[in-house]
Each structure stands twice: as C-alpha cells, then as structure tokens.
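Listed here are the chains, written in short residue letters.
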Amino acid sequence: MPLEINSINVIDSRLAFSCVSLWTYFFGTFILAVEATNPLFLLVLLTGPVATYYFLLQISIPQPNLDIAEEILGRPLTPEHTKEIDCDEKEDHRVQMPVIAHRFAGLDAPENTLEALEVCYKNGAIGAEFDLVLTKDLVPILFHDIDLDRLTSATGELQNKTWAELQNLDVSINHPFHERFVGARMPLFEDVIKKVIEYDMRIFIDIKDERVEIARIIVETFQQNPILYRRAVVSSFNFWIIYNIRKRDPNIVASMAWRPYYMTYCKYSVIEDECIPYNRTPIMYYWGRLLDHLTTWFFNNLAYKLSGFSAVLLCKDIITVEVVNYWRLRNVRVIAWTVNSPLEKVYFVKNLGVAYMTDSMLGN
C-alpha cells in the first residue's frame, strides 16, 4: 500500500513570496543593465511571478506524511522534552533521536564499515549515517572520499576502480584502533541494509555519487525492502539527486545537506584562513562566490518546496535559534553535523532542541 504524502496547499504563501522575490531581483538587475522603461517590462514583472509560481507548483513534490517522517526522525526535540533514552524505549520508534552515529561513529571504529556499524549499535546508536558511492562498474558500496589515499594503502579516485579492485582493500590501516579492526573492508550497500534492518536502526543514506544510476539503485532498494520507507532518510548536497529520487518515488523521506560556501571551498571553516578553495584562480574563485549566493538563496527559498525534503543536515557552526525556527515553520527538521565536543552536544539538544551527528558514540 503506498504511503500517504502531504497534499499541496491551494496557495502557498512562502512559495509565492519566493517567486516575487526572484522576479524582483531579476527585474532590478535588468534595470541596472539597460534603461527598461517600456510598459512591456512592467507587464513581465507582474505576470512573471504568477507564471513561475504555478509552474513550480506543478513540478513540486509534496513532503511525505509528517507521521512517517516522525517515525524515522523521532519526536521533535524541545528543551522541555530532552531526557535520557532508556533501553526499553528503543522499542518505541517515535522516541526522540538526539544522537546519530556519523559514518557509523568513525572514531570508534573504521568509518563506513560493518565493524563500525556493529560497534555503534552496541554503544547505543538508534540512528546512524553512512556514505554511498558507486564503483566504476556501478556496484554500490560505502565510502566517503573521492580518492582512496586517506583510508587505504591504494591511491587514485574510487570511481575509476572496479569492485574487484576495491573489495580486498583494508580501510583500517590509518585508524587509531587499527589493531582491533585489521582487515576491515568496504562493505556492499546491500549487506549494510540487511544488517541495519536486522538491528532495526534508523539510517541516513548520504549519497556521494552524482551519476544517474544512483537514483535507480536507491528506489529499487526501498522497493525490495519496504521497511526502509519508515526507517531510512536519503540525503545529499546535490538537490537534483534528491529531486530525481523523490520524483521516482515520493514516498521516500529525504533530507538535504548544506554548508556555507559549498561552491567555493572544498574545505570550510568559520576561520576564513582555514578555508581551502577549489580553484585559486581569481575568476574561478569569484565565480564560485556568485554561485554560492545563488545556491544559498535557492536552498533557503525553493529547494525544500520542490523536492519535499523533511530535514536539513547543517554544518554545526551556522545553526542558531533563528535557523531552527526558520525550518520548523516549513515542517523541516534541523540536524547538526559534525558535533564531537561534549559541551556542544549538550547545547544542541538542551538549548536548541536539535539532533546531532557525531563521530563517537562514547559518552552520549
């Protein structure tokens, strides 16, 4: 039986305001570029937002039913309702989920491995996040980086390697607890899904691959394992990945990840000197900054409406009370990443009512 999804409002005031803003910016820029005094331009300014609004409404994908999202994400956290989770409460799938094991808590065991999944589950994880990529021969596996250098003894980009070339690589060699996990391998996506279903965990599937085949693989996996509709969230930094997946199957709950200057910096920090740009050529740098302004506006004003995501995974350094309230008004849950400081963990849960992803389940 198909799951229920939220219906589209007859008039969506927030979407309408976004359309008006979009055309106002466009028209204002045009006025600066040329002297546009012809009445035809005023007609375009008046009709453009209306046409855009109805077009976007037609291609928008509604969020899944809020009860389904809550079953996966748990009850919204509030300062009045933040308490320790007893073992018995694991049976209640609507219990709040303040802690999510990031890459299966990659500090406790080699990240994105079956060994790490087992360790984080034993350490009390109700929810976990992992990274999904495709090999050169389109085999879905768990791995985070573009290249192999950081975690293995091999070099080169993962997407240029076949599964046969990757399956025997030891991903524990640079881990602090290497001696405990010698021989840890990159797991197949299907093996991980079987294990999380066995553990009855809630999961975030963070898609690191942008090839079109990934949407088909995700949809087929959900259809073959229907419990995932009530246990799994699909996430990506790439809006079009999320949109394509939910266009194929709107019953899938999704989230979108975001951080400042995603188009400019490959590594972001609140300390500007620590930010590493993709390209140091001035023209490419400023082109990236322009794209950052455009994509940030799109993320905040249109992306949630078009793709119907139910949560946002935000860099912890930009989360404020205003940000949390902004997304709550849109029925979107805020989740912070990556939070490893004990004081920050308390702050996000107790003060902001925000769940967080962490690299270690110890002490949570």
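Each remark here, short or long, concerns the structure printed above.
Residues numbered from 1 in each chain as written. Predicted model: local features only at pLDDT ≥ 70, side-chain atom pairs only at ≥ 80, totals over all residues. Heavy atoms only, no water.

So, on to the nonpolar core. Across soluble globular proteins, nonpolar side chains have a tendency to be buried as a group. Ile-218 and Phe-309 are the most contacted members of the largest nonpolar core, which has 70 residues in total. The biggest single contributor to this core is helix α7 (residues 213-224), with six residues. Judged by nonpolar contacts, the second largest core, of 22 residues, contains Ile-72, Val-233, Ile-335 and Met-357. (Core = buried A, V, L, I, M, F, W, Y, C linked by side-chain atoms within 4.5 Å. Buried < 20%, exposed > 50% of the residue type's maximum accessible area, 1.4 Å probe, protein only. Helix = DSSP H or I, 4+ residues; strand = E, 2+ residues; numbered from the N terminus.)

With that settled, the discussion passes to the pattern of salt bridges. Enumeration over the complete set of coordinates arrives at 16 salt bridges. Ionic pairing is found between Lys-305 and Asp-12, a salt bridge with its closest N-O pair at 2.7 Å. Here the residue Lys-305 occupies a position in helix α9 (residues 282-307), and Asp-12 occupies one in the segment before α1 (13-33), the gap between them amounting to 293 residues. Of the two residues, Lys-305 and Asp-12, neither departs from the other in class, the shared state being buried. Residues Lys-316 and Asp-317 are paired through a salt bridge, measuring 3.0 Å at the closest nitrogen-oxygen approach. In this structure Lys-316 comes out as buried when scored by relative accessible area, which is 19%. Connected through salt bridges with shared partners, the residues Arg-103, Glu-111, Asp-131, Asp-145, Arg-150, Asp-206 and Lys-208 form a single ionic network. (Salt bridge = Lys/Arg side-chain N within 4 Å of Asp/Glu carboxyl O.)

Once that is clear, we can look at helix α6 (residues 189-199). Among the residues of α6, those classed as buried are Phe-189, Val-192, Ile-193, Val-196 and Tyr-199. Taken end-on, α6 shows its buried residues confined to a sector of 130 degrees, consistent with a single buried face. In α6, those exposed residues whose orientation departs by more than 90 degrees from the buried face are Lys-194 and Glu-198. At its buried positions, α6 is contacted by α4 (114-122), β2 (127-134), β3 (140-142), β4 (202-207) and α7. Looking one or two places after α6, you find Asp-200, whose phi comes out positive at around 55 degrees. (Arc of directions from axis to C-beta. Contact = heavy atoms within 4.5 Å.)

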